[in-house]
Amino acid sequence: MLVLGAAGGVGLSAVEIGKAMGARVIGAVSSEEKAQAVRDAGADDVLIYPRGPFDKDGQKALSQQFKDAVGPNGADVIYDAVGGDYCEPALRSIAWEGRYLVIGFPAGIPKLPLNLTLLKSCDVRGVFWGAFAARDPQHNAANIAALFAMWKAGKIQPKVTEIFAFEQGGEAIARLGDRKAIGKLVVRIAD
Ligand SMILES: NC(=O)c1ccc[n+]([C@@H]2O[C@H](COP(=O)([O-])OP(=O)(O)OC[C@H]3O[C@@H](n4cnc5c(N)ncnc54)[C@H](OP(=O)(O)O)[C@@H]3O)[C@@H](O)[C@H]2O)c1
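Residues numbered from 1 in each chain as written. Predicted model: local features only at pLDDT ≥ 70, side-chain atom pairs only at ≥ 80, totals over all residues. Heavy atoms only, no water.

A. Inspection of the side chain of Gln 59 at higher detail. Tracing the backbone through its elements, the reader meets Gln 59 in helix α3 (residues 56-70). Once you skip the residues sitting within four places of it in the chain, Gln 59 turns out to touch Phe 54, Asp 85, Glu 88 and Pro 89. (Helix = DSSP H or I, 4+ residues; strand = E, 2+ residues; numbered from the N terminus. Contact = heavy atoms within 4.5 Å.)

Shown next as structure tokens:
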């Protein structure tokens, strides 16, 4: 399982849950500090990618970096919480019949050449938790119960790395925009 933006709010959770479910997890991030957070969360391997945007050569180099990290069989699951210029190079490292999970687009909304999905016979699956929870509350409740069981068993430990007072909420948002946040940031609405 390859996780893009692996030190971010949802990325770090994906790393932990992937490990708890028995996957070999490779986290992809943009700095050594983030790489350490992803290793601490249990990732088997971490790669540090450059910051985009990328030209054609940059995308080729990034694709090679993903392929080297996931190995010759490719990634069975790619969890993409980043999008933008990272998407196509990541998809090129997917396994035959792999699943590409579309989570979010902090780097921009990408476009994909569909021939890549044919060549790998892979799925590209949008994952929209809020809409899923509203449409299928029973399934969502079962998933939440499974997550609490993992937490109780010590298999996952959600990371809140910074807590901000309500008045400092803008600083929290700026840290997300500057790619500086690790794990979840919390803004307190009241004491
Ligand atoms: N589908 C769903 O149900 C669902 C649920 C929750 C959140 N989301 C979405 O998922 C995305 C990630 O959420 P999050 O809470 O994990 O956010 P986050 O903590 O800010 O993580 C996003 C990661 O994206 C990477 N990134 C690459 N380019 C970036 C840029 N230009 N600006 C900011 N970050 C950039 C950063 O990692 P590197 O620096 O390591 O590249 C960052 O850690 C958001 O778009 C959010 O709306 C979707």
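B. Focus on the packing of aromatic side chains. Here the structure, examined in full by the defined rule, presents 4 aromatic pairs. Where Phe 54 meets Tyr 86, the ring centres are 5.3 Å apart and the plane angle is 85 degrees; that geometry is what we call edge-to-face. A residue pair is termed long-range when its members are at least 10 positions apart, and Phe 54 in the loop between β3 (45-48) and α3 and Tyr 86 in the loop between β4 (75-80) and α4 (87-91) qualify at 32 residues. Residue Tyr 86 is classed as buried on the basis of its relative accessible area, which comes to 2%. (Phe/Tyr/Trp six-rings, centres within 6.5 Å; stacked < 30°, edge-to-face > 60°. Buried < 20%, exposed > 50% of the residue type's maximum accessible area, 1.4 Å probe, protein only.)

C. Structural context of the domain arrangement of the protein chain. Domains assigned within the protein chain are domain 1 (2-127) and domain 2 (159-191). Averaged C-alpha coordinates put domain 1 and domain 2 at centres separated by 25 Å. The partner domain 2 presents 7 residues to the 14 residues of domain 1 that form the contact. When domain 1 packs against domain 2, the two sides together hide about 820 Å² of surface, and 50% of this comes from carbon and sulfur. The interface formed by domain 1 and domain 2 holds 1 salt bridge in total. The salt bridge partner of Glu 16 is Lys 159, with a shortest N-O separation of 3.5 Å. (Domains from an automatic or database assignment. Buried area = accessible area lost by both parts, 1.4 Å probe. Salt bridge = Lys/Arg side-chain N within 4 Å of Asp/Glu carboxyl O.)

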